[in-house]
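Descriptive structure summary
These are the residues of each chain, in order.
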Amino acid sequence: MQRRYFDYAATTPIDKRVLEVMIPQIENNFGNPSSVYSFGREARKSIDESRDTVARVLNAEPKEIFFTSGGTEADNWAIIGTAFANKNKGNHIITTSIEHHAVLHTCKYLEKHGFEVSYLPVDEYGMVDPEDVRNSIKESTILITVMYANNEIGTIQPIKKIGEIARENDVYFHTDAVQAFGSIEIDVKDLNVDMMSISGHKIYGPKGIGALYIRKGVKIDNLIHGGGQERKKRAGTENTPAIVGFAKACELVTENLKESAEKAIELRDYMIKNILENIDEVRLNGHPTERLPGNVNVSIRYIEGESILLSLDLIGIAASSGSACTSGALDPSHVLLAIGLSHEIAHGSLRFSIGKDTTREEVDFVLEKLPAIIQRLRDMSPLYNS
Ligand SMILES: *Cc1c(COP(=O)(O)O)cnc(C)c1O
């Protein structure tokens, strides 16, 4: 059976060109980058070059890039690290109710350790109001963390504006750009961010690797303690092959960003229009235009998103019901509840995410099969029949 992948927001297949640069690293470049002899120096050189590449694509300086084990660690580090390093100034953190769990659960953890967290609401499209951010800042505020683009509904936040407000008030600003990076252009200087998280496996790179951009001068504690790697800020022997692969992925994904975004937007809007026209009692979740190029998220009334997923899987289509982290659990997605959906409607939601390899033929296949699947499930649904 031909399989069709529509879950690029959960993870992406590795780009062949990324794999090609990783293999020689795994096979030959095994030296410990901290060693002084040639084996070590070669590994060190690969890491340095990779750091230069990542810095270049973000318009950062190499010494502002710190490799981590992925987006989750980068989020934990940014939040816990600045909270503890600046607790003499205050204990208040501002975030939003639609963050990824890597941010939300980290904030919850800090609440247990004496920090106070404001979780800002969003509007029906999942947008944060920068004025809400401004009004929530108080004397004790030390950090604002707002995601660049939402992983479930694709809404892109006014990050530059929020960054301006943070800077005016002399408060650190972190953004989780794991979903945004590779889909929209990012320039850390232009964005007014102090810290930014990115991840390899969302951009056709390897899993278990990512980076935290830390603007020079930001006061931040270490999260991982041990050796002196990453300029004494993140301990642990570097994962050279993953770092080299990650840098290659960063380079490739930003190279053709404009064209690939345009192509994805075309497929996305075609898919949304078709679903809204051909299936009744369905709504689009997220912002109509300020959304990630590859994100389609809809709620289909009277049936469970999970049942649709299973039916789609039987014909080789891989999609997601809101978020991979929440599927399998009974709680509806916190993001869908935050935009005001009832539990019932939130349960009937479905996310298709489009990537660089998605074709019109694949989209047409989904659009052809989906209405019948939904009709069949609705015919069995007591909710629909009453
Ligand atoms: C995937 C994702 C993460 C986690 O990144 P990992 O590299 O998988 O740890 C964090 N935030 C967002 C918005 C994500 O989409």
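In what follows, the accompanying structure is described. Bear in mind that the values here come from a model prediction, so they are computed numbers and not experimental data. (Residues numbered from 1 in each chain as written. Predicted model: local features only at pLDDT ≥ 70, side-chain atom pairs only at ≥ 80, totals over all residues. Heavy atoms only, no water.)

1. Observations regarding unusual backbone geometry
With a phi close to 50 degrees, E230 is a non-glycine residue in the positive phi region. Along the chain, E230 falls in helix α8 (residues 229–232). Classification of E230 by relative accessible area gives buried; the value is 5%. One non-glycine residue, E281, lies in the positive phi region at around 55 degrees. (Helix = DSSP H or I, 4+ residues; strand = E, 2+ residues; numbered from the N terminus. Buried < 20%, exposed > 50% of the residue type's maximum accessible area, 1.4 Å probe, protein only.)

2. Focus on the sheet that holds strand β6 (residues 172–176)
Taken in spatial order, the seven strands make up an open sheet running β2-β8-β7-β6-β5-β3-β4, and their pairing is mixed. Each having just a single partner strand, β2 (65–68) and β4 (116–120) make up the two edges of the open sheet. Each neighbouring strand pair of the sheet contributes to a mean axis angle of 20 degrees, computed without reference to strand direction. Sheet analysis places β6 next to strand β7 (residues 195–199), joined by three bridges and oriented parallel. Within the sheet, the bridge partner assigned to T175 lies in β7 and is M196. Sheet strands in contact with helix α4 (residues 101–111) are β3 (92–96), β4, β5 (141–145) and β6, and its direction is about 145 degrees off that of β4. (Pairing = 2+ DSSP bridges. Axes fitted to C-alpha atoms, helices over the stretch in contact; angles between N-to-C directions. Contact = heavy atoms within 4.5 Å.)

3. Here's the deal with the layout of surface pockets
In this structure, the largest pocket occupies an estimated 500 Å³ of space. What lines the largest pocket is a set of 30 residues, among which G182, S183, Y204, V253 and K356 lie closest to the centre. Elements with a minimum of two residues in the lining of the largest pocket: α9 (240–255) and α10 (257–278). When residues of the lining of the largest pocket are assigned to their parent elements, the largest contribution, four residues, is made by α10. Each residue belonging to the lining of the largest pocket can be placed in one class, and the counts come to 15 nonpolar, eleven polar and four charged. Viewed by domain, the lining of the largest pocket spans two of them, domain 1 (4–12 + 257–385) and domain 2 (16–255), each represented by three or more residues. (1 Å grid on protein atoms, 1.4 Å probe; cavity = no way out; pocket = protein on both sides within 12 Å on 5 of 7 lines; lining within 4 Å. Points joined across faces, edges and corners; volume = space filled by probe spheres on them. Nonpolar A, V, L, I, M, F, W, Y, C, P; charged D, E, K, R; others polar. Domains from an automatic or database assignment.)

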